Every structure is written in structure tokens, then in C-alpha cells.
Amino acid sequence: MTLAYPKDANAEAHRVSIFSPAGSALLGLSAGQSIDWGGMDGKSIRLKVIEVTWQPEANGQFEL
């Protein structure tokens, strides 16, 4: 999945909003870091950041 701003979120394209529970939990992590997350069936799953390709804010681009 890819984290996206809400306007770009699309479940079919596997783009998850940064404001979703899982999306906000992943914010701030670096490549290689992971978190344990409760799946819909109640079982824990591990979400791992594979790659951070672009961070607009880190590059001085802000959307207001």
C-alpha cells in the first residue's frame, strides 16, 4: 500500500489515507521500520515500511 493525502486515497489502487488509523500509525517511520497492527480478524499483523520515495514537506512543498 501507499500512503496518500485523503484526496488521493483509493482502495482499489492500494492508496491509503494518511488520516486512516493504519496510515497515521505509519507516519514518521523510516524504511525498514515496522509496527504490529491489529487486523480485522483480531490477529496481529506486521506492517513494514519498504521504501520512502517522496516526502513533499521534507522538500519544502506544503499544501494548504
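Residues numbered from 1 in each chain as written. Predicted model: local features only at pLDDT ≥ 70, side-chain atom pairs only at ≥ 80, totals over all residues. Heavy atoms only, no water.

Student: I keep staring at the pairing of strand 3 (residues 34-38) and nothing clicks. Help me out?
Tutor: Remember that side chains alternate between the two faces of the sheet whenever the strand is regular. With five bridges connecting them, strand 3 and strand 4 (residues 44-48) associate as antiparallel partners. Looking at strand 4, one finds that G38 is bridged to S44. From the end of strand 3 to the start of strand 4, which pair antiparallel, there are five residues, and G42 there has a positive phi angle of about 90°. (Pairing = 2+ DSSP bridges. Helix = DSSP H or I, 4+ residues; strand = E, 2+ residues; numbered from the N terminus.)

Student: What is the right way to look at the pattern of salt bridges in this model?
Tutor: If you walk through the whole model with that rule in mind, you get two salt bridges. D8 is paired through a salt bridge with K7; the nearest N and O atoms lie 3.5 Å apart. By relative accessible area, which is 62% here, K7 ends up exposed. When the shortest N-O distance is used, the salt bridge between D36 and R46 registers 2.8 Å. Here D36, found in strand 3, pairs with R46, found in strand 4; they are ten residues apart in sequence, far enough to count as distant. A relative accessible area of 48% places D36 in the partly exposed class. The class of R46 is exposed, set by a relative accessible area of 58%. (Salt bridge = Lys/Arg side-chain N within 4 Å of Asp/Glu carboxyl O. Buried < 20%, exposed > 50% of the residue type's maximum accessible area, 1.4 Å probe, protein only.)

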